Structure formats: C-alpha cells, structure tokens
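Chain and residue survey
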2 protein chains.
Amino acid sequence: MRAVCVIGLGLIGGSVLRAASAAGRPAWGATASSADADAARADGFAVEATADALRRAAAEDALVVIATPLTAVREVLREVAWHAPEAWLTDVVSVKDPVDAEVRSLLPGARYAGGHPMAGVAASGWSAGSAELFRGAAWAVTVEEDTRLDAWREAAALAIDCGAQVVAASAAEHDSAVARISHLPHVFAAVLAAVGADGGALALSLAAGSFRDGTRVAGSEPELVRAMTEGNRVALLDAVDDALGRLGAARGSLASTGGLKSTVDAGHDARAELESLRAGDPERLDVRWDEPEVLERLREHGAAGGRIVALGAETVTVELP
Amino acid sequence: MRAVCVIGLGLIGGSVLRAASAAGRPAWGATASSADADAARADGFAVEATADALRRAAAEDALVVIATPLTAVREVLREVAWHAPEAWLTDVVSVKDPVDAEVRSLLPGARYAGGHPMAGVAASGWSAGSAELFRGAAWAVTVEEDTRLDAWREAAALAIDCGAQVVAASAAEHDSAVARISHLPHVFAAVLAAVGADGGALALSLAAGSFRDGTRVAGSEPELVRAMTEGNRVALLDAVDDALGRLGAARGSLASTGGLKSTVDAGHDARAELESLRAGDPERLDVRWDEPEVLERLREHGAAGGRIVALGAETVTVELP
C-alpha cells in the first residue's frame, strides 16, 4: 500500500494520518504546530520536521497530503518542490482553484490531484480528529483536462481508504458548489448569530433549536472560517448575491403582501431534495479504468450527484442517486 | 391542582396535554383534526368536541390553553367567549401581540396571560409530541400593564408543571426577540436551502454538517412556518432588515478588501454569548409575590436573561445568568 506523508496535523490532517494508518498504510506527518506535534506523538504517531518528512516521502515514493490552511500552501509546496518534486501529491484544503494554481506554478507536471473531504466538527486541532471522521462522507477529488489518471487514482484511493466516498469534480465546479453548501452556511451562521445577539439577553434566553442549529458553525475557529471563505472569494460572492436576492425577495413579499409562501415553499422543496438525494436504493455502475476519457466520465457522474464507493484494479464503482 | 383544557392537539398542544397529565392535573383536549383526535384517544387521553371541552372547563374552573395555529385563534376565542367566558386562559401560539389583541377584543377582562414554549421539532401533529418536550426549555409568559397576577400565576404554573423555565416578557418584547431567534432562522434556513439546491446535484452531494444544520428547519411543515413568520410580520421585517444589512456589509467587504473579519468575529462572539448565557453557576433570587409591581420586576429579570425555575406559595425563584 502507498505510504502517506501528511503535512499539517490539525483536525483534518490529523484525521487523515489516523485513518491512513488504520487502513494499514505506512504514514507519518509534520506540522508547524508544536501542540499538534506533541499530541500526535503522544498518540503514537510518527511526526518529523517538514523537510525530513518530505525527504522520506521522496525515498518511499509516498503520497504527500497537504493539510494546512490555504494561506500556508505556497510555502509547503516550495518545500515539496525542493525535497520531493516527484512525489505523488494531493491536498485536503477546502478550496481547490487556488491550490491548483499554486501547484501549476510551483510544481508544473506534478503527479497531483486535489482533494477535499466534506467532514468537520466545530473544534479544531489534532485532538479534535478521529480515524472515523470521514466515514460515509463525500470527498471531492479534482479532475482537470490535464489531470494524470495515475495521480487521480492515488488521491481517490486515499479517500476510499479513509472511509469516504469520492466525488469527481473540476476545481471550479467544486469551488462553486462549496461556496453554496459550506461557505455561505458559515456566513449565514455568523450573520444570524449577530442579529440574534442584537436582540439582547431576552432573545438569547428564548433561543432554542432553530437558532442553535442555524448558528452552530459560528462557533468554529474564526481564523479557519476566514481562511476558507476568503479563499473562495469569487464563488462565494456569487452565492452571497443569490442569497441577498432571495432574502430581499422575501423581505419585499413580507412587506407588501405579508406572505412568505414562495420563500418557505422553495426552502422546503430544496431541503426535501437534499433528503432524497441519498435515500432509497442507489443505482450502481461500474466504469472501466481503461475507458477513453474515464476521468471526464467520472466528473460527469459527480456533477449528477454520483459518488464513487469502490476502486478496483480494473473498474471503479459509482453510486448514482 | 388546576385542571387543564387544551384546544388544539398538534405537536405543542399534544405535548402540553401529555405533560399536564403527567404532572397529575386533570386534563382533556379538543382538536379540529380527526387524525390528532384519534391518535390522542388511542394514547388514552380524553378528547371532546370543542364546545363540550370548553363547557367542562367552565364547570371545573379549568385553565384553557389555546394551542391552535394563529389563524384559528379568533374562532377559538369566540367559542371560549360563548362557553367559558370566565375561564382561566393562556395560549401557546408563537406570536403574542396578535393573540393579545384578539383576547382584548373578544374577551375584555379575561383572566389571561399569553404563553409560548420555546421547544419544537421538525415533525408536527399529535404523534410527534411528548410529555418531555418542554423539559428545561424556556417558556415565555406575557406581562402587560394590566395583566392580572392570578392569571399570570396560572399560566406560569402550567409552564413549570410541564418542566419548562418561565421567561416573563411583554408581548412586544417577546415578538421582537422571537423574530430574531426563531422566525429569522426559519427564513434563513429556507433561503440557504434554496441557494444550495440552485447549485445542483453536485452541491447537494457535497453538502455536509454546516448545510444540514443550517437548513434543518426548512424541513418543517410550510403551513406552520408561514403561520408563525407571517403572523409576526412587523418584528420579522426589522430582523430581516438587520440581516440584510449585515449580509450586505459582508458582501461589500468581501468584494472590496476580500476580508470577512468583522462578519466572522461578530458571529463568533455572538455564538459565544449564547453558549455562556446558561453556562456556569446562575445567581438565584427569590421574589415575593406580594412585592409591589411584582410582574414588572419579573419582566425586568426576563429582559436581563433571567428564568423562573420555581413558583412557591409566597415567592418565585429566578435564575439570573
């Protein structure tokens, strides 16, 4: 099994290191955080200096996983370019276009496919992680026109070994989607929490399930929320504009007719769509690795809501909703 | 113990009937829904025609609890005025000013204080209810200048018997607060769900915790969501305007400087305020029922986040944050 070298041992990187180890892969990590390094070592994991970790990756032909915040990716890629320029490479950063651009600039021709596991908890750092964090979760693996099939398989295999289901998507498709279903929810949670708190102690005293649920992710580390939302600025602006349009329409309707029917119905339908997407028996489909344009085919399945649930030697199994 | 007559046996009314019975009170109900009536009878509860239920309330000097949607309140009050004009009266409708106005118009001089338990689940109807629904929840009981102390005590005692903690507030204060922490969250959930679904199957396939949490209440019955949001139109417009202002500011900041610091920090601080409100050891305070302006005093404690946790013969116990 391909060895794994994880750079960054916070919630996500730390969980990748645990899950890869649990899957039987040789695995080691590096982190700029001495707290995370100490905690990982105390849990029995190998933590090295970044340069040493990358040199070992080069020696063992390992898969390097960049698991730092977006703001540190460039610096890590420079070290990868220096110590392990030929290594298999993926990342678990929450935006994909900016990482793709950095890889193209610093490691042209890299054996790279980007990744993003859709899992998280409000807490952060090594101690918040777990080998089970990705179980059943979606894990995007990016497909661009020039993505190498072998590099893509390495990134996808890590996701599957971590218990996740792979969603093939281009970096741009991914960034546009997560702006709507991950970054906008963080902006909404922050705005909702602030408007609630503006109502004073009485409002917070009366707050129950709907407010707690709607503001939960406002409790996340502000630096991490900013790194992911600000890192996806263009796509997030589109999503915020759509939200402003819908919220403005609700306001107009409430002020003029007093009704919220179209807002409430659209939300109810959308939530029902979410619930039904993975309900019922999915259709299973085997795609051969040697098909022409297999990655493009997998990307099309991803765009239709398909998830890859198994990687065989000759085929890849997709579940379609 | 004061008998209880619940008109409306959906999620909230059905849970009140169960909880009041569990507390040892004689309790019966009525409902316009034959499905809820059948289900309640099958669970061993007494369900009568509305007129019969109210005549029995008059005969037994019971507390009548209006637990219908706001749109049905006027009709029920007409029947109360006809069959039990002297009965103790409260309600559990999610907006308070409109109910207060109807009571003043149809039952001037009623022995009434409004109520609103801050508990709920996405499901609705008798079968979704439980005697434990209100355990530890806030339950607003309204205080106006002319609220009778004896009527207020009856409404508050029901809340305490149901396991809730009482928050004293004027109807206007309540409506303004719940616009922010209950009705705006429903509007936000609907808008967020729709913007996410606009991203297509890929977006919904990648959706994880933040989107699930932020859209959960969009799964509630649209008719109930409309009844409560549209019924609180004026206060909700204020809250939506505040939200539009904050969301627009976030948009402007993201577009100009690329930063979301003030949005994210404000949300994080507000969420921390919510978490800290009921954390730690609360201060306990006994207020005597025979104090001058005792209801006004309790309302001031409610505005400061205080919750009433016990009602004695001579004192009322308030927990302050």
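What you see is a predicted model, and the numbers here were worked out from it, not measured in a lab.

1. What to know about unusual backbone geometry
- Positive phi is not limited to glycine here, since A:E293 has a value of about 55°.
- Mapped onto the fold, A:E293 is located in the loop between β9 (283–288) and α13 (294–303).
- Backbone geometry places B:D61, a non-glycine residue, at a positive phi of 50°.
- Locating B:D61 in the fold gives a position in the loop between α3 (50–60) and β3 (63–66).

2. A look at the side chain of A:H301
Residues and elements named next belong to chain A.
- When you line up the elements, H301 lands in helix α13.
- The exposure class of H301 is buried, given its relative accessible area of 13%.
- Excluding anything up to four places from it in sequence, H301 contacts L285, V287, G306, V318 and L320.

3. Some details on the environment of B:S33
Residues and elements named next belong to chain B.
- Looking at the secondary structure, you find S33 in the loop between β2 (27–30) and α2 (34–42).
- On the accessibility criterion, S33 (25% relative accessible area) is partly exposed.
- Considering only alpha carbons, one finds S33 and G8, 25 residues apart in sequence, at a separation of 8.1 Å.

4. Points about the packing of helix α7 (residues 171–197) of chain B against helix α11 (residues 233–256) of chain B
Residue and element names in this part refer to chain B.
- At a closest axis distance of 8 Å, the pairing of α7 and α11 adopts a crossing angle of 60°. Regarding the angle of α7 to α11, the classification is oblique. At the point where α7 passes α11, the crossing takes the right-handed sense. Contacts from D175, S176, A179, R180, H183, L184, V187 and F188 in α7 reach A235, L236, A239, V240, D242 and A243 in α11.
- A breakdown of the residues in the contact of α7 with α11 according to their chemical character gives nine nonpolar, two polar and three charged.

5. Focus on the domain arrangement of chain A
Residues and elements named next belong to chain A.
- What the domain assignment lists for chain A is domain 1 (4–169 + 283–320) and domain 2 (175–277).
- Each of domain 1 and domain 2 has a C-alpha centre, and these two points are 29 Å apart.
- Listed by partner, the interface residues are ten residues for domain 1 and twelve residues for domain 2.
- Remark: the boundary between domain 1 and domain 2 carries zero salt bridges.
- Applying the counting rule to domain 1 against domain 2 returns two residue pairs in polar contact (both at pLDDT 80 or more).
- Here the side of domain 1 that touches domain 2 is composed, by residue class, of five nonpolar, three polar and two charged.

6. A short note on the sheet that holds strand β5 (residues 111–112) of chain A
All names here are of chain A.
- Overall, parallel pairing links the five strands, which are arranged β2-β1-β3-β4-β5 in an open sheet. Only two strands of the sheet have a single partner each, and these edge strands are β2 (27–30) and β5.
- Here strand β1 (residues 4–7) runs beside β2; their pairing, made up of four bridges, is parallel. Bridge pairing in β2 places I7 opposite A30.
- The strands touched by helix α4 (residues 73–83) are β1, β3 (63–66) and β4 (88–91); relative to β3, the strand with the most contacts, the crossing angle is about 160°.

Cut-off values and rules
- Residues numbered from 1 in each chain as written.
- Chains lettered and ligands numbered in written order.
- Predicted model: local features only at pLDDT ≥ 70, side-chain atom pairs only at ≥ 80, totals over all residues.
- Heavy atoms only, no water.
- Helix = DSSP H or I, 4+ residues; strand = E, 2+ residues; numbered from the N terminus.
- Buried < 20%, exposed > 50% of the residue type's maximum accessible area, 1.4 Å probe, protein only.
- Contact = heavy atoms within 4.5 Å.
- Axes fitted to C-alpha atoms, helices over the stretch in contact; angles between N-to-C directions.
- Parallel < 35°, antiparallel > 145°, perpendicular 65-115°, else oblique.
- Left-handed = near helix turned anticlockwise from the far one by under 90°.
- Nonpolar A, V, L, I, M, F, W, Y, C, P; charged D, E, K, R; others polar.
- Domains from an automatic or database assignment.
- Salt bridge = Lys/Arg side-chain N within 4 Å of Asp/Glu carboxyl O.
- Polar contact = N/O pair within 3.5 Å; in protein donor to acceptor, adjacent residues only side chain to side chain.
- Pairing = 2+ DSSP bridges.

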